[in-house]
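Chain residues, written in single-letter form:
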Amino acid sequence: MSAAGVVGLVFGSVAALFVLLVIGSVALRSSSGSDTTTPVAIPTYEPPTRSRDPFPTASEDRPTQTRTTETSTPEETAEPPAQVKLDRGLKTNTVYRGGSLPRLNCPAGNANVFDHAQLKALILKTGACMNRAWKPVLEKQGIPFSAPNYAIAAKRGRGACGDYPQPGGMVPYYCPRNNTIYASTSAMARGNGRSRGYGQILAWNGGIISMMAHEYGHHVQNLTGLMDSWWEKTLDTRDRGGKLGLSRRLELQATCFAGMWMRSVATSYPVNTSNRGRLFWLYSQVGDYPGYPRDHGSPPNNNRWFRQGWERSETYQCNTWMAPSSTTS
C-alpha cells in the first residue's frame, strides 16, 4: 500500500472520532440518573491568564449601533496586531489560554431527532452557534479560525475519510482532510446494525447535539495544532498500547470541549436540571466497547471529562495531556 493509502486508511479509522456505545442492561431513568463520577482535579499548573467572568458575553449577542461620519478614522489605519507565536504542543498549547466560551443565545426548540429535516436543521443551526462560541476565543489568542463543513445524510454516504456511518456503527465523524463533520441522522437516532442509536437512549435532542459538539471539538483540535501534534506523537510511538493511550486523550479532550459548549448555551438551549442529569448519564454509557480497541476511553472517564468541561468551563481544564493516566484509561 502506498504512503498516501496508509495515511488515508489510518485517517479513515480514527476519523470516526467518537464513541462506540456501551449498552448495559439498565434503562434510562427519567430522573437525573446515576452521578457517581466526579470531575478531574484542577491541573497543577495555572494558565498565563484566566477570565474573571466564567461566561463572558459574546459581542454578537449585544449588537451596538455604529455611526459613520466624515471625520471617522478609517479602520484600515488601525495598528495591526502583533504577530503571536503559537504553541501547538499537546501540554502547553496556546488554546489553554483561551478561558471560557461566551454565553450564547442558542435555543434548540423541540426538534425531533427522528425527523431527518428537523435534526439536520438543528445540527446546522447549533453548528453556527459553535462557530460563534469558539471563534472569538481562538482569535483572541492569535489562532486563525475557520468554520468546519458539514455533510449530513438521511441514511448513509461516503466522505473523504470513509463511509458514514461506518459499517455496523452510528457515530458521526470529523475528517481533518477537508475539515468536514459527517453524520447520518437515521443512524444517530435509530442506530445501525447492532449499534443502538443515541435517540433510542436519550430522545431529547441535546444528546445528539452534544455528540456533534464533540466532533466540533476535534475541529478545534485541528485548528490549534493539537491534532497534528497528536498524530506526530502517535507516529513516534511504537507500541500499540501507547498509541491507544494517545487516542483516548485526544477523544476525551474533545468530550471536555463538548461539555464546555453545552454549558455555554445551557440557559437558552435550554438545558434544565433534569436534562443536565440526563446528559451526565448519557456520557456514563458511552466509551470503549468491550472487545474493541480501547481508543476512546472508558464510560466512567467519558462521564468525567464531559463533566469537567461543564463544571470547570475553561479551556485549560480540558488538558487531558497533563491528566493522570487513571482518568484517561
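Provided above is the structure to which this section pertains.
Quick caveat: nothing in here was measured; it's all calculated off a predicted structure. For every chain, the first residue of the written sequence is number 1, and numbering continues from 1 along that sequence. Given that this is a predicted model, residues contribute local features only at a pLDDT of at least 70 and side-chain atom pairs are listed and counted only at 80 or more, while totals for whole chains, interfaces and linings are drawn from all residues. Think of the side-chain values as coming from all heavy atoms in the structure, minus any hydrogens and water.

### Description of the overall build of the protein
Each helix is a run of DSSP H or I of at least 4 residues and each strand a run of E of at least 2, with the numbering of both proceeding from the N terminus. For the protein, the helix and strand inventory stands at 9 helices and 7 strands. Here the protein holds 329 residues, and the buried ones make up 53% of them. All accessibility values rest on the Shrake-Rupley procedure with a 1.4 Å probe; residue burial counts only the protein chains present in the view. Total accessible area computed for the protein in this model is approximately 15700 Å², and 51% of it derives from carbon and sulfur atoms. Categorising residues by exposure relies on relative accessible area from a 1.4 Å probe, with only protein chains included: less than 20% of the type maximum marks a residue as buried, more than 50% marks it as exposed, and the intermediate range marks it as partly exposed.

### As for the pairing of strand E6 (residues 180–184)
Burial within E6 is extensive, with 5 of its 5 residues counted as buried. Every second residue of E6 is oriented toward a common face, with Thr-180, Tyr-182 and Ser-184 on one face and Ile-181 and Ala-183 on the other, all of them buried. Strands are treated as partners if at least two bridges between them are detected by DSSP. Inspection of the sheet shows strand E2 (residues 149–153) paired to E6 by 5 bridges, in the parallel sense. What sits directly across from Ala-153, in E6, is Ser-184. Judged from the 3 bridges that link them, strand E5 (residues 173–175) and E6 form a sheet pairing that is antiparallel. Looking at E6, one finds that Tyr-173 is bridged to Tyr-182.

### With respect to unusual backbone geometry
In this model, Tyr-164 is joined to Pro-165 through a cis peptide bond whose omega is -5°. Residue position: Pro-165 is located in the loop between strand E4 (162–164) and E5. The phi torsion at Asn-179 lies on the positive side, around 55°, for a residue other than glycine. One can find Asn-179 in the loop between E5 and E6. A relative accessible area of 25% means that Asn-179 is categorised as partly exposed. In the Ramachandran plot, Ser-313 falls in the positive-phi region, its phi being about 55° despite a non-glycine side chain. You can see Ser-313 is positioned in the segment after helix H9 (299–312). Residue Ser-313 is classed as buried on the basis of its relative accessible area, which comes to 6%.

### Concerning the packing of helix H8 (residues 273–283) against H9
Lines fitted to C-alpha atoms define the axes here, with helix axes fitted over just the stretch in contact, and angles between the N-to-C directions of these axes take values from 0 to 180 degrees. At a closest axis distance of 7 Å, the pairing of H8 and H9 adopts a crossing angle of 145°. Seen from H8, the contacting residues are Arg-276, Leu-279, Phe-280 and Tyr-283; seen from H9, they are Pro-299, Asn-302, Asn-303, Phe-306, Arg-307, Trp-310 and Glu-311. Note that Gly is not counted as nonpolar here; it falls among the polar residues with everything else outside the nonpolar set of Ala, Val, Leu, Ile, Met, Phe, Trp, Tyr, Cys and Pro and the charged set of Asp, Glu, Lys and Arg. Grouping the amino acids of the contact of H8 with H9 by side-chain chemistry returns 6 nonpolar, 2 polar and 3 charged. By definition in these notes, contact holds between two residues if any of their heavy atoms fall within 4.5 Å.

### Notes on the sheet that holds E2
Strand pairing in a sheet relies on backbone hydrogen bonds. The paired strands run either parallel or antiparallel. The strand order across the open sheet formed by 3 strands is E2-E6-E5, and the pairing between neighbours is mixed. The open sheet has two edge strands with one neighbour each: E2 and E5. In this sheet, adjacent strand axes meet at a mean angle of 20° when their direction is disregarded.

### Section: the side chain of Glu-215
Counting through the fold element by element, Glu-215 comes out in helix H5 (residues 205–224). Here the positive residues are Lys and Arg and the negative ones are Asp and Glu; neither His nor the chain ends is included. In the sections that follow, a salt bridge refers to a side-chain nitrogen of Lys or Arg positioned within 4 Å of a carboxyl oxygen of Asp or Glu. For the buried Glu-215, no salt bridge is present, and the opposite-charge side chain at shortest range is Arg-177, 15 Å distant. Under this definition, polar contacts are N or O atom pairs within 3.5 Å; protein pairs additionally need one hydrogen-donor-capable and one acceptor-capable atom, and for neighbouring residues in sequence, both atoms have to be side-chain atoms. A polar side-chain atom of Glu-215 sits 3.1 Å from the main-chain amide nitrogen of Tyr-174.

### Notes on the packing of aromatic side chains
Here a Phe, Tyr or Trp ring, Trp counted by its six-membered ring, pairs with any other such ring whose centre lies within 6.5 Å, and the pair is stacked when the planes are under 30 degrees apart, edge-to-face when over 60, and tilted otherwise. Throughout the structure, instances matching the rule amount to 9 aromatic pairs. Relative to Tyr-173, the ring of Tyr-164 lies with its centre 6.5 Å away and its plane at 85°, an arrangement referred to as edge-to-face. For Tyr-164, a relative accessible area of 9% puts it in the buried group. Centre to centre, the rings of Trp-204 and Tyr-269 are 5.9 Å apart; their planes meet at 80°, and the pair counts as edge-to-face. Of this pair, Trp-204 sits in the loop between helix H4 (198–201) and H5 while Tyr-269 sits in the loop between helix H7 (240–264) and H8, placing them 65 residues apart in sequence. Residue Trp-204 is classed as buried on the basis of its relative accessible area, which comes to 18%. Classification of Tyr-269 as buried rests on a relative accessible area of 2%. The rings of Phe-280, Tyr-283, Phe-306 and Trp-310 are connected pair by pair, giving a single aromatic cluster. Above the plane of the ring of Phe-280 lies Arg-307, whose end atom (NZ or CZ) is 5.2 Å from the centre. Whether a charge sits over a ring comes down to the Lys NZ or Arg CZ being within 6 Å of the ring centre and within 35 degrees of the ring normal.

### Some remarks on the state of the cysteines
Two cysteine sulfurs form a disulfide in these notes if their separation is within 2.5 Å. Summed over all chains, the structure comprises 3 disulfides. Paired through a disulfide, Cys-161 and Cys-175 show a sulfur-sulfur distance of 2.1 Å. Judged by the sign of its S-S torsion, about 60°, the cystine formed by Cys-161 and Cys-175 is right-handed. Separated by 14 residues along the polypeptide, Cys-161 in the loop between strand E3 (157–159) and E4 and Cys-175 in strand E5 bring together distant segments of the chain. Both residues of the pair, Cys-161 and Cys-175, belong to the buried class. For the protein, the disulfide bridges join cysteines in the arrangement 1-2, 3-4, 5-6, where the cysteines are counted in sequence order.

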